[in-house]
2 protein chains.
Amino acid sequence: MDFKKRARELVSKMSLAEKMSQMKFDSPPIERLGIPGYNWWNEGLHGVARSGSAACFPQAIGMAATFDPSLVFRIGEAVSKEARAKYNGYRIFGGTGIYQGLTLWSPNINIFRDPRWGRGHETYGEDPYLTAVTGAAYVDGLQGDDEKYRRVDATLKHFAVHSGPESSRHSFDVQPSKRDLWQTYLFAFDYIIRKSRVAAVMGAYNRLDGVPCCGSEELLEENLRGRMGFEGYVVSDCGAIYDFYNGHGTSPDAPHAAAQAVKAGCDLNCGGAYASLNVAYETGLLTEEDIDRSVIRLFEARMRLGMFDDDCPYNSIPKDAYDTKEHAALSREAAVDSIVLLKNNGILPLNPGKKYAVIGPVADDKLVLLGNYHGTPKKTTTLQRGIIEEVEAAGGSVLCARGCHIVCKDLGSWEENPLREALVAASEADIVIMCLGLNPTFEGEEGDGYNSQRGGDKPDIDIPEVQLELFREIAKLGKPIVFVSVSGSCLNLCEADEKADAVLQCFYPGAEGGYALADVLFGRVSPSGRLPLTFYRSTDDLPPFDDYSMENRTYRYFKGKPLYPFGFGLSYTSFSYSFKNAKKTDSGITIKLSVKNTGSRDSKEAVTLYLAAGDNEDEPPVRLIYLKKIFIRAGDEFELDCEIEQDALKYADSVGNYRMPSGSRLVLAGSCRDESAKARKIIQL
Amino acid sequence: MDFKKRARELVSKMSLAEKMSQMKFDSPPIERLGIPGYNWWNEGLHGVARSGSAACFPQAIGMAATFDPSLVFRIGEAVSKEARAKYNGYRIFGGTGIYQGLTLWSPNINIFRDPRWGRGHETYGEDPYLTAVTGAAYVDGLQGDDEKYRRVDATLKHFAVHSGPESSRHSFDVQPSKRDLWQTYLFAFDYIIRKSRVAAVMGAYNRLDGVPCCGSEELLEENLRGRMGFEGYVVSDCGAIYDFYNGHGTSPDAPHAAAQAVKAGCDLNCGGAYASLNVAYETGLLTEEDIDRSVIRLFEARMRLGMFDDDCPYNSIPKDAYDTKEHAALSREAAVDSIVLLKNNGILPLNPGKKYAVIGPVADDKLVLLGNYHGTPKKTTTLQRGIIEEVEAAGGSVLCARGCHIVCKDLGSWEENPLREALVAASEADIVIMCLGLNPTFEGEEGDGYNSQRGGDKPDIDIPEVQLELFREIAKLGKPIVFVSVSGSCLNLCEADEKADAVLQCFYPGAEGGYALADVLFGRVSPSGRLPLTFYRSTDDLPPFDDYSMENRTYRYFKGKPLYPFGFGLSYTSFSYSFKNAKKTDSGITIKLSVKNTGSRDSKEAVTLYLAAGDNEDEPPVRLIYLKKIFIRAGDEFELDCEIEQDALKYADSVGNYRMPSGSRLVLAGSCRDESAKARKIIQL
């Protein structure tokens, strides 16, 4: 019997009150029907989160920086296996509580539209196609490939057009153009829903064209279930339905808000508004059929997770198979591949046998490893510790100095003043490694980024003044400097680029971050990360933060000159690219590309192709259409059939319909910028 | 020319205003005389503190628990060398600021009178003689043995009779009996001042017999400089002179308070009160001679530190010789020796090849490594990490679970609930290692122990209820449990003793704490720590916290039955003791003692002797008179000449005069309790 049918049958045995109770995220048991209590809320953005010990992989933005969906798929597999292991332990207690279930409210596939957004590090960056393929890989890894059962449910969030400001998220209204809506904001949702049969979608807090997203029939019925073909369930963001009558003022009270959400197709409520479903029903705002539709979807999902069957193969995942050595190794591999080398005058890789000074307020900060929505890995290795272990093992030595606070300049008269120590350490060292930037208390979700002065968001992209002053003072000493920028977002690295001998971007790298940084710094691995974001010079070059038009935003539309463009990243070796023939196929177009490692080190290389719009003003001027990470030994040449899918090529017109480009078009390899492309080819579309 | 004479000469060239300026802890430069600015405030309780990267040794209470003054001496040497290294770096900048100088306001040799005192972990415990010999060793290690120069200045604090409550320290008045004063509160000050030529003493906040300690002529002139023969300088605790007119109400204003302090012999002011010295002078409360006396003392000290000479041998200590590998190794050795094994049913040492669950909220807490008044060691290894590294290297495995918060029971409905994870982890493991207790935010100085609900102090000695509940739940599973108690003070371990297979006390163990705990748990080293405190069953057995009478306090006077007595500590081997002859000498009495390692493991052993008072009611009923840590290989026998010094034997009579005991007296070896002594001998005094 299929799950839909079984779900319908089970739900038909419930009273109306029982049905309504199951639409709350903390669904109570229905003992007479053998239904255990189940709390739907769990998190797995880059590891099982908030449920104790668990592997902690690089933050989502770092996963995107690997430019390697196959690696992200493996992370998704690992995370879901850990979630299953934990669930297998927890379910023995009867009903499972918060953060103990199989329904992960991840990934966050919103577009990192503006670098000030505090939650940007939860996303896969600024590009819809990179977000789509990375998100699809993560969802596929999470959900597994069993024909009958899902390993866990993935949840795409936040649907839709949601990227700050955090401080007004419970009340703001976005009215994007139809082109921006489909070209940018809905692209990855559409892509992943069609490719990956994702179990769930979470509605956003904000309004879209005046209607709260969790109560929008246009969004949830017409676009999500209609145009995209979504067949799963929709959950509200936490408290989002409460916002209808408190933040947005679009509903008079909870019963109206709840009724509007259910009617629109929001099946599950995180928050308390669905406690009013009975009132909504009694006052005629809802019918029992409305309720049935949602509850059946929810029970179909629980059945597909094997909660009511003994033959679910995932029941045999051992209860202790979390935070494992294997997953730590995968986390380290991913962290290595997420580090982006932005400048290198030849100083890197470093010889570990020297005398180093590691300086900066985030060097020994455990928080920068974890990002947000994280677990509690049993072993964490800070950037500083990773460097120390590598150097001391090689007979070198390390002096460490915090140098300053992350943001706070003012030191009480009885407080430690760490600047002099940093200057002494740098003076004594052969080479200085500066670890500067932010931690997730300065950029994050409302309430979570509690050190932010903008409700979780950043006021700008500048490195905090107190850290820049530290950097300037150290730079005056004239020692070689390796600048490690640590953040989950774009920072203004102009001064680092100018004064340091090498610059690396280290997104919140997970529990193994210190080992990974050492792997890269000391040349055990050649760096291969790529920026999933434009690194601007200043937010002055951008529209206001709350402007949702894509005009002059992200590499696709930005008119200024970035410091480091989207997709940028150096290596310890060099590659030459040459295009061969291109061939149209049923599913798109295939371009043969030869990539040769012309340097002296083995390395991974993220092969990227970009399509220029030419004179078609309906398209973004340039956009990513292909990515593939390959490993090439020094001297080897690799011939690659770049299969470009139609979904990568399509663009949205002014009314939001997707169209295929045609005619003769320029393809760039290795850079989104014509002047720095590694190869160029005109193809016929 | 001797330093005193040079100081007098230099001071004679200063104007009165210049002289007064030098009595503030942040002494400004006097450029015309070539005197750089100097901030006297630095800390080195168990490592250079608040000055960035520095080795972090076990907290003072842990140093005392080694029962090994020779080891404490080596720690003192290491700390002072690091302070010099840092000073050599800092002084290049001109004047040295706060926490950059050579005058360490350590050690804290107050008696840990009551286990509720938050700052107790800064002390060497409850016994005057242990405090005296440990403190003397630390001071000797700090100050060095150069004939001309001191490596650093040690500062004995807080003079005197100071041990909480923190919440009333700026106003309380203590009126101890003369016997308690000299037998308990002043004993270690007297001992160290006479043996170690300590550079400085810090006056306490409180009043003694109605007079604020920093303004007491009886205390500072008669007793300290007179009876004890102290020749150094006195510094006020920070803000203590302000307290005269704000907390104690014994002075009308700052000029009167400052004048009283200077007249009494308090040479240096931490705080702002000495800004009023000019007013005090102008109104006739002070003479220039009063000022001169103090300033000359201070400059003599600065000269003795080599601040005005090029031939000071400590100038050649390399600027990078801090937080070194050698000191980390010493820290690990000390941490190992500070761990006290309290119960072992044979489960210890553990086989690292098994499957472990490490459970508890302090297991991965960096704060428990550092204690208070700490530096920022560049590498810290939590208890959990130490265990993981050891076990994984041996092919075993470790599951970790926090289990609960340290104190807070209430979990928000959207918060992680960690109990189930702990139960799962324990169920999956062969052996459970529970790390429970406190961290220094729950017991510490006013303001510093910010999570304490008693202004830094503890309300009682009970393990927080939420942790006990966790322990009880885990214990119900019936797995073998090793209970690691983590705190800087006595906790009530009755339930641990009853239910766990092994119990260890781990005082805040320093940066290498995790490695040290693993060394002990897995048998690389046999434990040899001893309790420097009585482990009571309940504070109900004690007088009120603010009662300063020693009646029914500490092992010397306690009438109840403790859970674990002062000096207690087990080993992985066994020792047999036998007394040989005793012989009076010029300096005391020497007793020959044979100690045999009768077990199968090499081990250190802290040899202790206690003197029973017999029917002399003027003496404490029993007291420590000798300690010596020795290393004995399995099967070996060691013959020890226990040289008991007269200072150990003397006692204070009811008017506070020291007297020597006489007649035939019982000496106990290995325990302060007759029934558990390892050997007994009657000697003639």
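Since this is a predicted model, take the numbers as computed values, not measurements.

What counts, and where the lines are drawn
- Residues numbered from 1 in each chain as written.
- Chains lettered and ligands numbered in written order.
- Predicted model: local features only at pLDDT ≥ 70, side-chain atom pairs only at ≥ 80, totals over all residues.
- Heavy atoms only, no water.
- Helix = DSSP H or I, 4+ residues; strand = E, 2+ residues; numbered from the N terminus.
- Buried < 20%, exposed > 50% of the residue type's maximum accessible area, 1.4 Å probe, protein only.
- Contact = heavy atoms within 4.5 Å.
- Polar contact = N/O pair within 3.5 Å; in protein donor to acceptor, adjacent residues only side chain to side chain.
- pLDDT = per-residue confidence, 0-100.
- Buried area = accessible area lost by both parts, 1.4 Å probe.
- Nonpolar A, V, L, I, M, F, W, Y, C, P; charged D, E, K, R; others polar.
- Axes fitted to C-alpha atoms, helices over the stretch in contact; angles between N-to-C directions.
- Left-handed = near helix turned anticlockwise from the far one by under 90°.
- Least-squares fit on C-alpha atoms with pLDDT ≥ 70 in both.
- Core = buried A, V, L, I, M, F, W, Y, C linked by side-chain atoms within 4.5 Å.
- Pairing = 2+ DSSP bridges.
- Disulfide = S-S within 2.5 Å.
- Salt bridge = Lys/Arg side-chain N within 4 Å of Asp/Glu carboxyl O.

(A) Expanded view of the overall build of chain A. Along chain A, the regular secondary structure elements total 21 helices and 23 strands. For chain A, the spread of C-alpha atoms along the principal axes amounts to about 75 × 65 × 50 Å. By the burial criterion, 66% of the 685 residues in chain A qualify as buried. Expressed as a percentage of contacts within chain A between residues at least 6 apart in sequence, the contacts between residues at least 24 apart total 75%.

(B) Inspection of the side chain of Asp365 of chain A at higher detail. Residue and element names in this part refer to chain A. Mapped onto the fold, Asp365 is located in the loop between β10 (355–359) and α14 (367–370). Here Asn439 takes part through its side chain, which lies 2.8 Å from a polar atom of the side chain of Asp365. Once you skip the residues sitting within four places of it in the chain, Asp365 turns out to touch Thr382, Ile406 and Asn439.

(C) Here's a closer look at the confidence of the model for chain A. Across chain A, the average pLDDT comes to 97, with 100% of residues at or above 70. Scored by ipTM, the complex comes to 0.96, with pTM at 0.97.

(D) Representation of the interface of chain A and chain B in the model. With 49 residues of chain A at the contact, the number on the chain B side is 50 residues. For the pair chain A and chain B, the summed buried surface comes to about 4300 Å²; carbon and sulfur atoms form 51% of the total. Looking only at chain A, the three residues that lose the most surface to chain B are Lys378, Trp414 and Arg420 of chain A, adding up to 19% of its buried area. Across the chain A-chain B interface, the total number found is 28 residue pairs in polar contact (both at pLDDT 80 or more). Tallying contributions element by element places helix α16 (residues 419–428) of chain A first for the side of chain A that touches chain B, with six residues. Classifying every residue of the side of chain A that touches chain B by side-chain character gives 17 nonpolar, 14 polar and 18 charged.

(E) Region of interest: the packing of helix α5 (residues 128–143) of chain B against helix α7 (residues 187–196) of chain B. Residues and elements named next belong to chain B. It is at 9 Å that the axes of α5 and α7 come closest, and there the two elements cross at 35°. Judged by the twist between their axes, the crossing of α5 over α7 is right-handed. Residues Pro128, Tyr129, Thr131, Ala132, Val133, Gly135, Ala136, Val139, Asp140 and Gln143 of α5 lie in contact with α7, whose contacting residues are Phe187, Ala188, Tyr191, Ile192 and Ser196. Its residues assigned to classes, the contact of α5 with α7 shows ten nonpolar, four polar and one charged.

(F) Summary view of the relation of the copies chain A and chain B. When chain A is fitted onto chain B, the two copies agree to an RMSD of 0.0 Å after a turn of 180° and an axial shift of 0.0 Å. Expressed as a symmetry operation, the mapping of one chain copy onto the other fits a two-fold axis. Most of the interface of chain A is mirrored in chain B, where 100% of its interface residues again form contacts.

(G) The arrangement of the nonpolar core in detail. The biggest cluster of nonpolar side chains holds 246 residues, and the ones touching the most others in it are Val482 and Leu493 of chain A together with Leu609 of chain B. At nine residues, α5 of chain B tops the list of elements feeding residues into this core. Core analysis: the next-biggest nonpolar cluster, separate from the first, contains 243 residues, Phe189, Leu609 and Leu685 of chain A together with Ala502 of chain B among them.

(H) Representation of the sheet that holds strand β18 (residues 622–632) of chain B within the structure. Residues and elements named next belong to chain B. An order of β18-β17-β22-β23 is seen for the four strands of this open sheet, with the pairing classed as antiparallel. Two strands lie at the open edges of the sheet, namely β18 and β23 (679–684), each paired on one side alone. The average angle at which neighbouring strand axes cross in this sheet is 25°, direction not considered. Direction of pairing for strand β17 (residues 603–612) relative to β18: antiparallel, over a ladder of ten bridges. Paired with Thr608 across the two strands is Leu627, which belongs to β18.

(I) Looking closely at the state of the cysteines. Residues and elements named next belong to chain A. The tally for this structure, following the rule as stated, stands at two disulfides over all chains. Disulfide pairing places Cys238 opposite Cys270 at an S-S distance of 2.1 Å. Judged by the torsion about the S-S bond (95°), the Cys238/Cys270 disulfide is right-handed. Taken as a pair, Cys238 in the loop between β8 (233–236) and α9 (242–248) and Cys270 in the loop between α10 (254–264) and α11 (277–282) lie far apart in primary sequence, 32 residues in all. For Cys270, a relative accessible area of 0% gives the class buried. No disulfide involves Cys490; its sulfur sits 9.1 Å from the nearest other cysteine sulfur, which is in Cys494. Take Cys672: it sits in no disulfide, and the sulfur closest to it among the cysteines is that of Cys490, at 14 Å.

(J) Summary view of unusual backbone geometry. Here Leu348 of chain A and Pro349 of chain A are connected by a cis peptide whose omega angle stands at -5°. Among the structural elements, Pro349 of chain A can be located in the loop between β9 (340–344) and β10. Following Lys157 of chain B, the chain continues into His158 of chain B via a peptide bond in cis, with omega recorded as -5°. Mapped onto the fold, His158 of chain B is located in strand β3 (residues 155–159). A positive phi angle, near 45°, is found at Tyr373 of chain A, a position not held by glycine. Within the fold, Tyr373 of chain A resides in the loop between α14 and α15 (383–393). Residue Tyr373 of chain A is classed as buried on the basis of its relative accessible area of 7%. Of note in this structure, Phe67 of chain B is not a glycine but carries a positive phi near 50°. Relative to the helices and strands, Phe67 of chain B resides in the loop between α3 (60–65) and α4 (69–90). Since its relative accessible area comes to 0%, Phe67 of chain B is described here as buried.

(K) Seen up close, the sheet that holds strand β13 (residues 481–486) of chain A. All names here are of chain A. Spatial strand order, β9-β14-β13-β12-β10-β11: six strands in an open sheet with mixed pairing. One side of each edge strand has no neighbouring strand; the edge strands of this open sheet are β9 and β11 (397–401). Shown here is a sheet whose adjacent strand axes are inclined to one another by a mean of 15°, direction ignored. Note: β10 against β11, five bridges, orientation parallel.

(L) Here's a closer look at the pairing of strand β8 (residues 233–236) of chain B. Residues and elements named next belong to chain B. Side chains Tyr233 and Val235 project from β8 onto one buried face, and the interleaved Val234 and Ser236 project onto a second face that is buried too. In terms of strand pairing, strand β5 (residues 200–203) meets β8 through four bridges, oriented parallel. Directly across from Val201, in β8, lies its bridge partner Val234.

(M) Just α15 of chain A, in detail. All names here are of chain A. Burial analysis of α15 places nine of its eleven residues in the buried class, the great majority of the element. Three or more residues of α15 are buried, namely Leu383, Gln384, Arg385, Gly386, Ile387, Ile388, Glu390, Val391 and Glu392. Downstream of α15 by one or two residues, Gly395 has phi in the positive range, about 90°.

(N) Inspection of the pairing of strand β17 (residues 603–612) of chain A at higher detail. All names here are of chain A. Most of β17 sits out of view: nine of its ten residues are buried. Bridge count between β17 and strand β22 (residues 664–669): three bridges; the pairing is antiparallel. Across the sheet, Tyr610 pairs through a bridge with Leu668, a residue of β22.

(O) Just the pattern of salt bridges, in detail. Residues and elements named next belong to chain B. The final tally for this structure, using the stated rule, is 119 salt bridges over all chains. Of the charged contacts, one joins Asp618 and Arg179 as a salt bridge, the two residues approaching to 2.4 Å between their closest N and O atoms. Placement of Asp618 in the loop between β17 and β18 and of Arg179 in helix α6 (residues 178–185) is noted, with a sequence separation of 439 residues between them. Exposure remark for Asp618: the relative accessible area of 28% places this residue in the partly exposed category. Since its relative accessible area comes to 23%, Arg179 is described here as partly exposed.

(P) A look at the environment of His256 of chain A. All names here are of chain A. You can see His256 is positioned in helix α10. For the pair His256 and Asp26, spaced 230 residues apart in the sequence, the C-alpha separation amounts to 21 Å. Not counting residues within four places of it along the chain, the set of residues in contact with His256 comprises Ser251 and Leu285.

(Q) Looking closely at the environment of Gln467 of chain B. All names here are of chain B. Examined against the element boundaries, Gln467 turns out to sit in helix α17 (residues 465–475). Taking the C-alpha atoms as reference points, Gln467 and Leu438, 29 residues apart in sequence, are found 10.0 Å from one another. Gln467 has contacts with Pro361, Cys404, His405, Ile406, Leu436 and Gly437, leaving out every residue within four places of it along the chain.

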